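Structural features, examined
Each chain, letter by letter, is given below.
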Amino acid sequence: MSILKEFFGFGGYAREPEGYMSWQHLAFVSSLVVIMIALATIIGLHNKNRDLKRKNRTLIVAALLIDSLELFKIVLFCIRGKDPMAWLYDLPLFLCSIQLITIPLAAFSKGRLKEVSLDFVFIFGILGALAGTYGAGQNYACYPVLCFDNVISGITHTIAGFSSLYIVISGMASMKKRNIPFCFAILSAFCVAAYGANHALDYNYMFLMRGDGTPYDMIYNLVGGNAIAYPILVVLLFYIYITAFYLIYSAATRKKHRPARSIPEETISEPTMSHV
């Protein structure tokens, strides 16, 4: 019972954090990433030539799983902290947690909305998985590696990464350039909501206020913590990433599917008697 209490953090963690980028941190997140890649590859290749309905079942499972785990986390945090309003600090307003909404949209919607949601999950899912595991300095510097906070965070981030890889491997990604403005719109809506919530709650959703030990610190330090320039640069970086992702994917797939150059007929000589 005491082990479970310690794992879930009731009364606080007695163990000292092993530290960000410690071997324990790297070993744990690497194991999650390996499982993520393996499952996405195996299931994605298995479903690659199946119809959309069959492919979509895996996304449905991923959507239900990631949202169920997140809901369980929020409830536990409210109980653990004895604060019924603790959920206000666990809204899906981080870049990684947008997937709590976009993965279900990709799984359950239809038409253009489904197409854009699939692209959005593909673009940001793998980035969020890596940032939320290897780049989560704010978590692994504060909590022991094998604790509820880090384990649940690692699992949900790698579910998003799995979904991203599965979408492209199974052939569900459209990645049409006409979807770029819609991806901008989804991201912009969340950024505006996050910025408003930050000022209302004195919080740091989407890391729009400061870096908090994440790679965003490089941008924060670059502008000297300027309260206007910093969030603008962060959002601009998101837009650049979306555009670059589309362009690189388009160039890579165009080259892959480019038809072989035909040999002009005049260069093909008639067989001689020696070849007959």
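Calculation criteria
Residues numbered from 1 in each chain as written. Predicted model: local features only at pLDDT ≥ 70, side-chain atom pairs only at ≥ 80, totals over all residues. Heavy atoms only, no water. Helix = DSSP H or I, 4+ residues; strand = E, 2+ residues; numbered from the N terminus. Buried < 20%, exposed > 50% of the residue type's maximum accessible area, 1.4 Å probe, protein only. Contact = heavy atoms within 4.5 Å. Areas by Shrake-Rupley, 256 points an atom, 1.4 Å probe, with all protein chains shown as cover. Lys, Arg positive; Asp, Glu negative; His and termini not counted. Charge placed at Lys NZ, Arg CZ, Asp CG, Glu CD. Phe/Tyr/Trp six-rings, centres within 6.5 Å; stacked < 30°, edge-to-face > 60°. Axes fitted to C-alpha atoms, helices over the stretch in contact; angles between N-to-C directions. Parallel < 35°, antiparallel > 145°, perpendicular 65-115°, else oblique. Left-handed = near helix turned anticlockwise from the far one by under 90°. Nonpolar A, V, L, I, M, F, W, Y, C, P; charged D, E, K, R; others polar. Core = buried A, V, L, I, M, F, W, Y, C linked by side-chain atoms within 4.5 Å. Polar contact = N/O pair within 3.5 Å; in protein donor to acceptor, adjacent residues only side chain to side chain.

A separate point is the overall build of the protein. When you go through the protein residue by residue, the secondary structure sums to 10 helices and 0 strands. Tracing the protein from N to C terminus, the helices and strands come up as α-α-α-α-α-α-α-α-α-α. Going through the 276 residues of the protein one by one, you find that 42% of them count as buried. Long-range pairs, those at least 24 residues apart, make up 73% of the contacts in the protein between residues at least 6 apart in sequence. Entry remark: accessible area of the protein is about 15200 Å², with carbon and sulfur atoms responsible for 69%. Taking the 23 positively charged and 17 negatively charged side chains of the protein as two groups, their mean positions are separated by 9 Å.

As a further point, take the packing of aromatic side chains. The final tally for this structure, using the stated rule, is 21 aromatic pairs. A ring pair is formed by Y241 and F245, whose centres lie 5.7 Å apart and whose planes are at 65 degrees; its orientation type is edge-to-face. Separated by 4 residues within a single helix, Y241 and F245 lie in helix 10 (residues 229–256), roughly one turn from each other.

Our next topic: the packing of helix 5 (residues 111–131) against helix 7 (residues 148–169). It is at 7 Å that the axes of helix 5 and helix 7 come closest, and there the two elements cross at 135 degrees. Accordingly, the angle class assigned to the pair helix 5 and helix 7 is oblique. Taken as a pair, helix 5 and helix 7 cross one another with a handedness that is left-handed. Side by side, helix 5 and helix 7 meet where L118, V121, F122, G125, I126, G128 and A129 of the first sit next to H157, T158, A160, G161, S163, S164, L165, I167 and V168 of the second. Looking at the contact of helix 5 with helix 7 residue by residue, the class counts come to 9 nonpolar, 7 polar and no charged.

What follows is about unusual backbone geometry. Within the chain, M21 stands out as a residue other than glycine whose phi angle is a positive 70 degrees. Mapped onto the secondary structure, M21 falls in the loop between helix 1 (2–8) and helix 2 (23–47). A relative accessible area of 41% places M21 in the partly exposed class. Of note, D202 is a non-glycine position whose phi angle comes to about 55 degrees, a positive value.

A separate point is the nonpolar core. Within the largest apolar cluster, 53 residues are counted, with the highest numbers of intra-cluster contacts made by L187 and M206. Of all the secondary-structure elements, those providing two or more residues to this core are helix 2, helix 3 (52–80), helix 4 (99–108), helix 5, helix 7, helix 8 (180–201) and helix 10. Ignoring anything within four residues of it in the chain, the contact list for L187 reads L95, I98, F120, F124, F238, Y239 and I242. Counting residues in each nonpolar core, the second largest holds 7 residues, with V29, L32, A136 and V145 among its members.

Take the side chain of T133 next. Assignment of secondary structure puts T133 in the loop between helix 5 and helix 6 (137–140). Residue T133 is classed as buried on the basis of its relative accessible area, which comes to 0%. At a separation of 3.3 Å, a polar atom in the side chain of T133 contacts the main-chain carbonyl oxygen of L130.

What is shown is where atoms sit, not what they do.
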